[in-house]
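Notes for the structure review
Chain residues, written in single-letter form:
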Amino acid sequence: MTVLTRNLDEVGLCSHCDNAQRGEAVPTAALAISTRLTPYTALPRRLPWFAGARWRERLANVLIFASVPTALFWAWYLADGNNHIPPQYDLLFFTVPLSALFTLIGPIAFQQGEFVYERLLRTISQEGTEGGWNIAEIQQRVDQLDRFYYRITIPLSGVATAATGYVFYQIRDIAPIKGTAATLGALVVLAFTGLTTGTGLWGAAKVALIVNTITKTADPKWSPFRESQGIHELFRFAWSTGVLFSLSNITVPALLVVMPRLPQSAKVISISFIALTFVGGMLLFTLTSRWLFALTSREHDQELERLAPTLERFADQIPAVFSMSTSEVIRLRHGLEATLLLRQQIEQTTPAPISHRTVLAATTTLVIPVMLTLLQTIASKL
């Protein structure tokens, strides 16, 4: 690489070398992208002791959003819920408690997604407009989406709560709720579950729109000699949100068990939710990855295109090589070799993650739901 860099210096091609190799400082953005966080992340940061450390913020998230509905569920299930499950539905002894984990891991998963989202915005802000990111457009899109959080999430949460409550009502003979206290507890659990579901759906839409805006407005300064942190974080963001979205599949086995006894309307609700949890994460990652690969392919082609004028200039000089002095021929040869080596390096490098790693990351968004279902089925047979 040192020889290649020296040859490029000789022929004036250092614009393709990394800034750090020339001892230049990497520019940083003057403005950072700001965003409003959901209550899952914002509320823990307003508490004096919990704010400032990730593990304490996660603990606060559990205490605020997960502990109450989880405790209420287990109080009902251990006291009365597990006593009415018929023998033909013995799978529910395993699937119902596992479904209850959604009230625990749902808020944690969404908070983790926001941590990754913050890291992405911070990385893009650091690279800034000098790195090819359209900070103004990204900030505008973020502000638009943040303004609609409650307007979208509250109706979605209401629909999710009503739909879940309706399905649960249809199996009241095997999962009865008796008394005022149990009814109030069930409403609290449904409300928290609906809020997590509504926020998750809004979050998936936000991920798609943010990635779409970033990729369509960006012209990142990619170098074949170093990894673009902004592009890397974009792929990480797309994959992690797809995987986190797929975790909602833990509720699917219980729905499959009770499906035969549900009326048609409840079956439609259940089937829609099952389809969403099985393919939602995969579709989210596939869609965002398509935009990301289009961006990286464009950057790759542009980097190759920048070498075309230099190669053409050298090619034009080749017919006159016999009239050149020895030093001129050597200079031409070194310049042509250096340029061709650089072109080869660019052709063998891509801004996108290695293809087989990307495929593996994509399949995890589908494999996780399938594996969870299989493990539950196997456990119930032991």
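Look up: the structure comes first, before these words.
Notes on the structure follow.

What counts, and where the lines are drawn
- Residues numbered from 1 in each chain as written.
- Predicted model: local features only at pLDDT ≥ 70, side-chain atom pairs only at ≥ 80, totals over all residues.
- Heavy atoms only, no water.
- Axes fitted to C-alpha atoms, helices over the stretch in contact; angles between N-to-C directions.
- Helix = DSSP H or I, 4+ residues; strand = E, 2+ residues; numbered from the N terminus.
- Parallel < 35°, antiparallel > 145°, perpendicular 65-115°, else oblique.
- Left-handed = near helix turned anticlockwise from the far one by under 90°.
- Contact = heavy atoms within 4.5 Å.
- Nonpolar A, V, L, I, M, F, W, Y, C, P; charged D, E, K, R; others polar.
- Phe/Tyr/Trp six-rings, centres within 6.5 Å; stacked < 30°, edge-to-face > 60°.
- Buried < 20%, exposed > 50% of the residue type's maximum accessible area, 1.4 Å probe, protein only.
- Lys NZ or Arg CZ within 6 Å of the ring centre and 35° of its normal.

**Some remarks on the packing of helix α5 (residues 102-127) against helix α8 (residues 179-217)**
One can describe the packing of α5 onto α8 by two numbers: an axis separation of 10 Å at closest approach and a directional angle of 25°. It follows from the interaxial angle that α5 and α8 lie roughly parallel. The hand of the α5/α8 crossing is left-handed. Between α5 and α8, the contacting residues are Phe102, Thr103, Gly106, Pro107, Phe110, Tyr117, Leu120 and Ile124 on the first element and Val189, Thr193, Thr196, Thr197, Thr199, Gly200, Trp202, Gly203, Lys206, Ile210 and Ile214 on the second.

**Regarding the packing of α8 against helix α9 (residues 229-246)**
The N-to-C vectors of α8 and α9 enclose an angle of 160°; their axes lie 11 Å apart at closest approach. Accordingly, the angle class assigned to the pair α8 and α9 is roughly antiparallel. As α8 runs across α9, the sense of the crossing is left-handed. In this structure, α8 uses Gly200, Leu201, Ala204, Val207, Val211 and Ile214 to contact α9, whose residues at the interface are Leu234, Phe237, Thr241 and Phe245. Class assignment for the residues of the contact of α8 with α9 results in eight nonpolar, two polar and no charged.

**Section: the side chain of Ser270**
Residue position: Ser270 is located in helix α11 (residues 264-305). Setting aside residues up to four positions removed in sequence, Ser270 forms contacts with Val167, Leu255, Met259 and Leu262.

**Quick notes on the side chain of Thr213**
Within the secondary structure, Thr213 is located in helix α8. Setting aside chain neighbours within four positions, we find Thr213 in contact with Glu137, Ile138 and Arg141.

**Some thoughts on the packing of aromatic side chains**
Within the structure shown, the criterion is met by 14 aromatic pairs. Ring centres 5.7 Å apart and planes at 50° place the aromatic pair Tyr40 and Phe110 in the tilted group. One end of the pair, Tyr40, is in helix α2 (residues 39-45); the other, Phe110, is in helix α5, with 70 residues separating them in the sequence. We classify Phe110 as buried; its relative accessible area is 17%. A ring pair is formed by Phe73 and Trp74, whose centres lie 5.4 Å apart and whose planes are at 80°; its orientation type is edge-to-face. On the basis of relative accessibility, which here comes to 13%, the residue Phe73 falls in the buried class. The exposure class assigned to Trp74 is partly exposed, which follows from its relative accessible area of 32%. A cation sits over an aromatic face here: Arg151 above Phe148, 4.9 Å from the ring centre. Between Arg313 and the ring centre of Phe314, over which it is positioned, the NZ or CZ distance is 5.5 Å.

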